[in-house]
Amino acid sequence: MTNTPIQLLSYTDMRDLPEPEWLVQGLIQKQSTAVMFGRSNAFKSFIAIDIGLSVDTGQDWHGHTVSTGGVLFVATEGANGVGRLRIPGWYDHHRIDEGDRRAFLYPKEIRLDVTDDITALINAMNIRGYFGLVVIDIFGGSMAGSEIEDKTARAWVHGVQRILRETGASILTVAHTGWADDSRARMHTHFWGSFDTRLKVEGDKEAMTATLTVERHKDADSTGSWGFRMVQAGDSLVPEMDASVKAGASRKATLSPGNRAALIALDEALQEHGVRREGPDWPGCQVVQIDQWRKRFYLHSIGDSPEAKKKAFQRAQSKLRDTGHAQYFDDHAWLCHG
C-alpha cells in the first residue's frame, strides 16, 4: 500500500495560510479546542448549553455573530436531565420552533482516550451530517484513565484532534477547577496546554449570577468578559446577559507557592489513591496516605535537594493544617472543602 506523501509548506505557503475563522465571534474558533473551567455550581453547564444552542439555531450569542452548524452534546453526567430539561428549557425560553430544534445528544459514556470510542463517535456524527460544535460535559468523565496521568492525557488529546480532523467540528470541554487552585482546570499539564482557548467561569449560586472570561486564545486577542444572570426556564436555567455582573477577584488561596504546590499535590494524590475510612475520627470524604501526598509534592519540587524537599513538605503540611486547608490523622490526610 502506497502512502500519500506529506506536503511540506514553503515559506510562501506558510505566509498565505488563512486567518482562523470564528465559530462564535471572539469566543470559539472553527475547528479548534476550547476548555471552559470553573468551580462546582458555577453554572458552567448552562453557559455551555447557551453557546451550543446559539450555534445550533444561528442566533447571535449575546450580540456576537455565530456560524451555524450542527451541535452534539456529550453529557458524561446527568444526560437524562440535559436532554429532557436543560436543552428543551433553552429552546422554549428562546421560542425556537420545533422544526428548528436540531441539537443531538450522545446517550452513553465515552472514553476519548480509547480508539474504538473515538471511531464510534465519528461514525455517529458522519451519519448525521456536518457538526460545527461538540460539547463535552464533564471532562473528568470522558476518559478511561486518570485525568492526571500523562499516558491518558496524550491519548485523549490525540483522540480529540482526530475528531477535529475527521469531522471539522470544534470541541468545547467543560471542566472543574481543583480545590487547591481555581486559576486552572484540574487536569494533567498536557491536557491544559493542548487547548486553543481557555474560558473561565465564576459563579455565585446564591445571587444566581455568573461571569465568563477569555483566559487565553492561542491565535487571537485574548480579551472578553461577560456577566450573566440565571433565569428560570421551565425546570431549567438560562443565562441572560447582565452588564452589572462583573468578574470578581481570583479566589485562589493566599498561600505561598510552596504551600500551594503542596495543596495541589494533595488534591492529585486523593484523585489517584484516595480511599474512605469508617469511624468517628474520619471525615465523610476520601483520605490518602501522607506518604502518597509527599511523593506527589516531591514531583512539584524538581531540582531541589532531597533534604530541601523534606523540609518544605513538613512546613507546608503544618501550614495547611493551621490555615484550615487540610487535615490529617493516623498517617492519612484530606482536603477541608469550604
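As for the nonpolar core
Grouped together as the largest cluster of nonpolar side chains are 41 residues, with contacts concentrated most on Leu 27, Met 36, Ile 51, Trp 61, Leu 172 and Leu 212. Among residues more than four places away in sequence, those in contact with Leu 172 are Ile 28, Ala 34, Val 35, Met 36, Ala 48, Ile 51, Leu 133, Val 134, Val 135, Ile 136 and Leu 199. Of all hydrophobic cores here, the second largest spans 30 residues; its members include Leu 72, Met 125, Phe 131 and Val 157.

Re the packing of aromatic side chains
Inspection of the entire model under this criterion finds 13 aromatic pairs. With a centroid separation of 5.3 Å and an interplanar angle of 75 degrees, the aromatic rings of Trp 156 and Phe 191 are classed as edge-to-face. Taken together, the residues Trp 156 in helix H5 (residues 150-167) and Phe 191 in helix H6 (residues 189-194) connect sequence positions 35 residues apart. Taking the relative accessible area as the measure of exposure, Phe 191 reaches 0% and is therefore buried.

What to know about the pairing of strand S8 (residues 197-204)
Most of S8 is tucked away: six of the eight residues are buried. Here four bridges tie strand S3 (residues 33-38) to S8, and the two strands are oriented parallel to one another. Residue pairing across strands places Val 35 opposite Arg 198, the latter belonging to S8. For S8 and strand S9 (residues 209-217), the ladder comprises eight bridges, and the chain directions are antiparallel. Bridging across to S9, Arg 198 finds its partner in Arg 216. Between S8 and the antiparallel strand that follows it, S9, lie four residues; Met 208 among them carries a positive phi value of about 60 degrees.

Let's talk about the environment of Ser 301
Take Ser 301: it is sitting in the loop between helix H8 (290-299) and helix H9 (306-322). The class of Ser 301 is buried, set by a relative accessible area of 8%. C-alpha separation for the pair Ser 301 and Gly 224, spaced 77 residues apart in sequence, amounts to 35 Å.

Looking at the pattern of salt bridges
Within this structure, the stated rule accounts for 16 salt bridges. A salt bridge links Asp 92 to Arg 101; the shortest N-O distance between them is 2.8 Å. Across the salt bridge formed by Asp 100 and Arg 102, the nearest N and O atoms sit 3.6 Å from each other. Residues joined by salt bridges that share partners form a network here, namely Asp 92, Glu 98 and Arg 101.

A closer look at the side chain of Asp 113
Tracing the chain through its elements places Asp 113 in the loop between strand S5 (104-106) and helix H4 (115-128). Salt bridges are absent for the buried Asp 113, whose nearest opposite-charge side chain, Arg 111, sits at 6.0 Å. Among the polar contacts listed, one links the side chain of Asp 113 to the backbone nitrogen of Ala 144, at a separation of 2.8 Å.

Scoring rules and cut-offs
Residues numbered from 1 in each chain as written. Predicted model: local features only at pLDDT ≥ 70, side-chain atom pairs only at ≥ 80, totals over all residues. Heavy atoms only, no water. Core = buried A, V, L, I, M, F, W, Y, C linked by side-chain atoms within 4.5 Å. Buried < 20%, exposed > 50% of the residue type's maximum accessible area, 1.4 Å probe, protein only. Contact = heavy atoms within 4.5 Å. Phe/Tyr/Trp six-rings, centres within 6.5 Å; stacked < 30°, edge-to-face > 60°. Helix = DSSP H or I, 4+ residues; strand = E, 2+ residues; numbered from the N terminus. Pairing = 2+ DSSP bridges. Salt bridge = Lys/Arg side-chain N within 4 Å of Asp/Glu carboxyl O. Lys, Arg positive; Asp, Glu negative; His and termini not counted. Polar contact = N/O pair within 3.5 Å; in protein donor to acceptor, adjacent residues only side chain to side chain.

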